Structure formats: structure tokens, C-alpha cells
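# Descriptive structure summary
Letter by letter, the chains look like this.
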Amino acid sequence: MSYRQTKNGLEKSVFPLVKEVLLPNFRKRLYLAGIPLGNQHREPLTAVQAKRAFLEREPDGQPRIYLNLSAVAYVDNRSGIPRVVKSLAKEGILAEDAVLVPVYADLETGVFKVAKAFAQNLTGKMLSVPEDVMAVAPGDVFLNVTVNPNELAFEHQVFQAMRSVGVKVFCVVHDLIAVLQPEFSRDRDTRHLNDWLHRIIQYDGIVANSQTTLSAFEQWVVKEKITLPTGFQKHWFHLGADMQADINDADVCGDKAVMGLIQSQTPYFMQVGTVELRKGHDDLLDGFEKLWTEGVQLALVIVGRRGWKVQQVIDRIQRHAQLNKLLFWFNNADDAALHCLYRHAEAVVLASKAEGYGLPVAEGAWFGRPLLLRDLPIFKEIAQEGATYFSGNGMGLAEAAKRLHETIVQGEPVPMPKPDQFPNWKQSFEMLKAKLLPD
């Protein structure tokens, strides 16, 4: 019996009552009478199979960037990395030279297919390439943007085969928090990232999402006593944010709770990001509780799905006396609701204790919102003098938030990013392309 597409992945029956599912993360799972029996590694493609996973074309003087959608081609959880994947793909497809081609690996065969339907849904534009299967030529670049060591293991021979015909394989590095600051992560995430990092250094290079992340990568190389291959390239670029380009002034939020908050005209600071230890929600709550005990009527809006190791934080939010009064948690906000919340926020706050970039900083700036940030090196790199910074714990946050709120209410100027300080996604893609295709 062949595989059939289901919401979980590709599924087939292997024995009576036993089903095998090939997952988007390139592992497989067995089910017995509908009960999952756990995930298993898949056997990597052989060298012979690898040669069937792509085609070759004659060089035409126009190198291509093949952006690997990876699991985003199958499922989109709307978190940070999928947003980066989609944004870079969109701008690359719409670029005048149409140099970028989105591709994805077939979960069963590993063959890299051109994501034509995905591209049209994303941009409304048909891809100009005629092939249905990725066709490479010397000078092309294959770019992995997601962090998926299972896929790298499964497709390793494919990447090596592409390299043998003149294609360079690069990976985008988003952060190294799980290996350099493992106290903020689950043990499996630390193992996952460590595995991925050791795999990507077998190829041609990395492009970090900031100078800070590139420095962290170099720190990891030294820590692990790694000698990088000769010619291994290390670059950085900055992520984009141009959410305003896709919205209008109408408050069509699609979320009754969001509309209720906005219509109440309650001033609020908002933090966007998964609720996890490194995001500093404990300090955020401590700081705002101090403000509320002082009678400051400033709400806190938290936008982001539940993460890991945060049961105490979740309990604290859900049982809080100010929940849905001065404390709001939107754990499944779509783009329309997020746009509304950004547009009406008095300020955007990021209390993160560790970040690789901090996309909400750029997004808040694009919406013209004042920024209240912990004094991390990455925030100093991207926001520079265009933000209000705090240090220490929740008390330091409370003091800075109170001063910023009072200054805004009084109509006095506050630190703001310069209009051209943050690239939009088109500019971000051009920065990336210049590093990957310098000629």
C-alpha cells in the first residue's frame, strides 16, 4: 500500500492495526490501533538515491538560490522561523531577477520538488522556472533556513551530490542559545541544536541573522574545539520587518477579545513571542505587578503560544487577579490580530534574557511604537539608540516602564528608531543575496 497524505504526514498501513507515518520533521512514527508508539529515525538516502533527488541543467548565467522550505511546506505554526522562511521566499520570488526558487523534499523519496503552488499562494505569482523537480547548475546555492537535523541526516548524500556538481550549500543560523545557555532550553532542544550545528559545518558556510549571532557561532566553534573546513564561509545579515505593507488602517482584527481590548482604549505595553524561560515573562509580570500596586493603570499584553518549562508562569498568568483586566494573554493570535495589537500598543517591550535577533523589535519599530528592551547586545546592535533599555530584574523593568509611560502620556519625545534603521524584507533578502551570490 502506498502512502496517503493526512494531517500528520504521509501515512500507510504496514500490518493490521499498525500504521506508519512519515513526519514533516523527517522522522517516522508508528501507530498501533491509533496509539502512537513514539518517533523513530529514518535511514538516510543512499548515494544512488541521492542522484535521483534533483536534476541538472545547463548554466545560463543566472545562478539560482534554492530556498528549502523544509517542514514549512507541510505545516506552519506561525512562529519566528516559519515567518522568516515565508518572508524571504516571498521577496525572493517577487524580486526582478526572480533568482530565488522555493523547494521542498518529498517526505517519502527525498526528491526536491519546486514549490509552485506554495509560491503562487504566497505571492500570487507563478514561478518562471519550468521544472517540477529542482534542477541545479554550477554556481547555484542551496539554502537551509529551518533547524532540522533529521532532514540534514536524511538528505546528507543529496547535499554532497549537489556540491559535487558545483552547488554551494549554506544554512541560516538563528541563535545558539540552547547550546551556549542551555538553562533556558529543554535537554532535547540542546541535543537537537548541537546535532544540527555539527551537521551544517560539513557544508559550505553559514549566514547568521546578526553580528551577535555570528559571534556566538564563533564562540561555539572555539568551545567545541572545531576546525572548520577550508573555505567555509561565515556571513551575517539582518532580518526584515514590513508588516505595515500588508495592512490598512481599518481595525479588522478577526478576534473579539482583541477588539474588546482596543475598544476599551486601555493603554498597554505588549510583548510578542513564545512563552518560554528565556523570554523573561517572570520579570515582566514582576515589573507590572509593581506598577499595578502603585496604581499605574497600564495594561500588559502577552502575545505568544505556550512553550516549555513554564508551567509556573502559565499558572501565574491564568490565575492572576488582573487577567482580562490589566493582564491579557493571546496565545493564538493570527496576523490580523497581531497587526491590530501592534498598531494600538503604547509601546513594545522585550524582557528576553537571551535572543538571537528579536523580530518583534523590528516589527514594533515598523509600526512606529516606542521600544522598551532589556540591555542585551543583540538589541543594542539592531535598535541602537532608538530604544529605552532596562537592566536587572522586574524592578528595573518597572522603573523603566513607568518612566517611558509617563513620558509618552506627557507628550514628550522618547527614544525612537530612525525611519531607515530596520530593513524591510525586500532589503533583508537583498542583503542575504549579496552574501550568497556576491558576483
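Refer to the structure printed above.
Here goes a summary of the coordinates provided. Nothing here was measured: the structure is a model prediction, and the numbers come from that model. (Residues numbered from 1 in each chain as written. Predicted model: local features only at pLDDT ≥ 70, side-chain atom pairs only at ≥ 80, totals over all residues. Heavy atoms only, no water.)

This paragraph deals with the sheet that holds strand S17 (residues 327-330). Within a beta sheet, neighbouring strands are joined by backbone hydrogen bonds and run either parallel or antiparallel to one another. Spatially, the 6 strands line up as an open sheet ordered S17-S16-S15-S18-S19-S20, and their pairing is parallel. The open sheet has two edge strands with one neighbour each: S17 and strand S20 (388-390). Strand-to-strand twist across the sheet, computed as the mean angle between neighbouring axes with direction ignored, equals 25°. Bridge count for strand S18 (residues 347-350) against strand S19 (residues 371-374) is 3 bridges, and the pairing is parallel. Among the inter-strand pairings, Val349 is bridged to a residue of S19, identified as Leu372. (Pairing = 2+ DSSP bridges. Helix = DSSP H or I, 4+ residues; strand = E, 2+ residues; numbered from the N terminus. Axes fitted to C-alpha atoms, helices over the stretch in contact; angles between N-to-C directions.)

Another point: the packing of aromatic side chains. Taken as a whole and judged by the stated rule, the model has 12 aromatic pairs. Ring geometry for Phe217 and Trp220: centres 6.0 Å apart, planes at 35°, overall tilted. Residue Phe217 and its partner Trp220 are located together in helix H7 (residues 211-223), separated by 3 residues, close to a single helical turn. Assessed through its relative accessible area of 0%, Phe217 is described here as buried. In this structure Trp220 comes out as buried when scored by relative accessible area, which is 0%. Through a chain of ring-to-ring contacts, the aromatic side chains of Phe112, Phe142, Phe159 and Tyr203 assemble into a single cluster. Taking NZ or CZ as reference, Lys435 lies 5.0 Å from the ring centre of Trp236, over its face. (Phe/Tyr/Trp six-rings, centres within 6.5 Å; stacked < 30°, edge-to-face > 60°. Buried < 20%, exposed > 50% of the residue type's maximum accessible area, 1.4 Å probe, protein only. Lys NZ or Arg CZ within 6 Å of the ring centre and 35° of its normal.)

Here the focus is the nonpolar core. Formed by 142 residues in total, the largest nonpolar core has its most connected members in Phe142 and Met270. Considering each element in turn, this core owes the most residues, 6 residues, to helix H4 (residues 149-164). With residues up to four places along the chain from it excluded, the contact list for Met270 reads Val301, Val303, Leu338, Leu341, Tyr342, Ala345, Ala347, Val348 and Val349. (Core = buried A, V, L, I, M, F, W, Y, C linked by side-chain atoms within 4.5 Å. Contact = heavy atoms within 4.5 Å.)

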